[in-house]
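Each chain, written out:
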Amino acid sequence: MKIKVCGLTQPDNILAIKSAGADMLGFIFHKASSRDISKNKELAKWLKTHKEELEGVNLVGIFVNAEVDYILNAIHDYGLTHVQLHGNESAGYCRELQLLWSVSTRYKAGLTKAFRIDEDFDFATTNDYTGACEWFVFDTKSDQSQGGTGHQWDWSRLDEYQGLTPFLLSGGIRPQDAQRISQIEHPQFWGVDLNSGFEEEPGLKDARLVEKFIALLR
């Protein structure tokens, strides 16, 4: 099971979360978020100068309705390996990025798309994105496009997803949810995306909680 820990902001904490067993480290590039790192040039420099220490994990940038040039520059400046689109980006937008990366690998990254789930969400919406993204993220819908509600959506609705693209479960996951998550049997269930439920404060994760949670899942 893959573990993504999102909303990281501090070098020491980043290394601690990697050591705890995370496969993916998430960095938010959205000014409305309290975990935004888009202007943190010191962190950008640190990430690029500590590649050896971060070897073996994916560095995922989370963007919300961002311009293509902004995403490409962030890939370069922060050494991102993957891009997660968390706004209202269309399947055409995803394919535009893939097309750019097919002709120039300088700012290339893997691509994933987050979908914000509520009681009215139609999982068939994901069909248009098939083939354009490596994996999906199913998160809780909020009134604001950046998500981050800290609340869970109705996970029983996962049975409605009939696609072939792997997905990460996200939205309000907490340490006490390990047993429930371990019982999910969906064939495309690939892993979990952790954030506020494992924080000491916004942007600072409790590495001991993350490590214990990962041990329970694996």
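Residues numbered from 1 in each chain as written. Predicted model: local features only at pLDDT ≥ 70, side-chain atom pairs only at ≥ 80, totals over all residues. Heavy atoms only, no water.

Draft legend 1. Highlighting the overall build of the chain. For the chain, the count of helices and strands is 6 helices and 10 strands. Rg of the C-alpha trace for the chain: 16 Å, near the compact-globule value of 17 Å for 218 residues, within the 12% margin. Taken over the C-alpha atoms alone, the chain extends approximately 40 × 40 × 30 Å along its principal axes. Expressed as a percentage of the 218 residues in the chain, the buried residues total 54%. Long-range pairs, those at least 24 residues apart, make up 61% of the contacts in the chain with a sequence separation of at least 6. Surface exposure of the chain reaches about 10,500 Å², of which carbon and sulfur atoms provide 45%. (Helix = DSSP H or I, 4+ residues; strand = E, 2+ residues; numbered from the N terminus. Rg over C-alpha atoms; globule rule 2.2 N^0.38 Å. Buried < 20%, exposed > 50% of the residue type's maximum accessible area, 1.4 Å probe, protein only. Contact = heavy atoms within 4.5 Å. Areas by Shrake-Rupley, 256 points an atom, 1.4 Å probe, with all protein chains shown as cover.)

Draft legend 2. Spotlight on the pattern of salt bridges. Scanning the entire structure with this criterion turns up 8 salt bridges. Two residues, Lys 4 and Asp 193, come together in a salt bridge whose shortest N-O distance is 2.9 Å. On the criterion of sequence distance, the pair formed by Lys 4 in strand β1 (residues 2–5) and Asp 193 in strand β8 (residues 189–194) is long-range, its members being 189 residues apart. The exposure class of Asp 193 is buried, given its relative accessible area of 6%. Close ionic contact of Glu 199 with Lys 205 constitutes a salt bridge, the shortest N to O distance being 2.8 Å. Given the relative accessible area of 1%, Lys 205 is considered buried. (Salt bridge = Lys/Arg side-chain N within 4 Å of Asp/Glu carboxyl O.)

Draft legend 3. Highlighting helix α2 (residues 41–49). Turning to α2, its buried residues number three or more, namely Leu 43, Ala 44, Trp 46 and Leu 47. All buried residues of α2 lie within an arc of 165° about the axis, which places them on one face of the element. Facing away from the buried side of α2 by over 90 degrees, the exposed positions are Lys 41, Glu 42, Lys 45 and Thr 49. Buried positions along α2 lie against α1 (11–20), β2 (24–29), β3 (58–63) and α3 (68–78). (Arc of directions from axis to C-beta.)

Draft legend 4. Seen up close, the pairing of β8. Most of β8 sits inside the fold, with 5 of its 6 residues counted as buried. Direction of pairing for β1 relative to β8: parallel, over a ladder of 4 bridges. The residue bridging Ile 3 from the neighbouring strand is Val 192, located in β8. Where strand β7 (residues 167–170) lies against β8, 4 bridges are found, and the strand directions are parallel. The residue bridging Leu 168 from the neighbouring strand is Gly 191, located in β8. (Pairing = 2+ DSSP bridges.)

Draft legend 5. Structural context of the sheet that holds strand β4 (residues 82–85). The 8 strands lie next to each other as β1-β2-β3-β4-β5-β6-β7-β8, forming a closed barrel whose pairing is parallel. With strand direction ignored, the average angle separating the axes of adjacent strands in the sheet is 25°. Where β4 meets strand β5 (residues 110–117), 4 bridges bridge the pair, whose relative direction is parallel. What sits directly across from Leu 85, in β5, is Lys 113. Each of β2, β3 and β4 is contacted by α3, which is oriented at about 150° to β3, the strand it contacts most. (Axes fitted to C-alpha atoms, helices over the stretch in contact; angles between N-to-C directions.)

Draft legend 6. Region of the structure containing the layout of surface pockets. The computed volume of the second largest pocket comes to approximately 180 Å³. In terms of lining, the second largest pocket is formed by 13 residues, of which the most central are Asn 88, Phe 115, Arg 116, Phe 121 and Thr 125. (1 Å grid on protein atoms, 1.4 Å probe; cavity = no way out; pocket = protein on both sides within 12 Å on 5 of 7 lines; lining within 4 Å. Points joined across faces, edges and corners; volume = space filled by probe spheres on them.)

Draft legend 7. Molecular detail of α1. Turning to α1, its buried residues are Asn 13, Ile 14, Ile 17 and Ala 20. With its buried residues spanning 125° around the axis, α1 presents them on a single face. Within α1, the exposed residues directed more than 90 degrees away from the buried face are Asp 12 and Ser 19. Where α1 is buried, its residues contact β1, β2, α2, β10 (204–205) and α6 (207–217).

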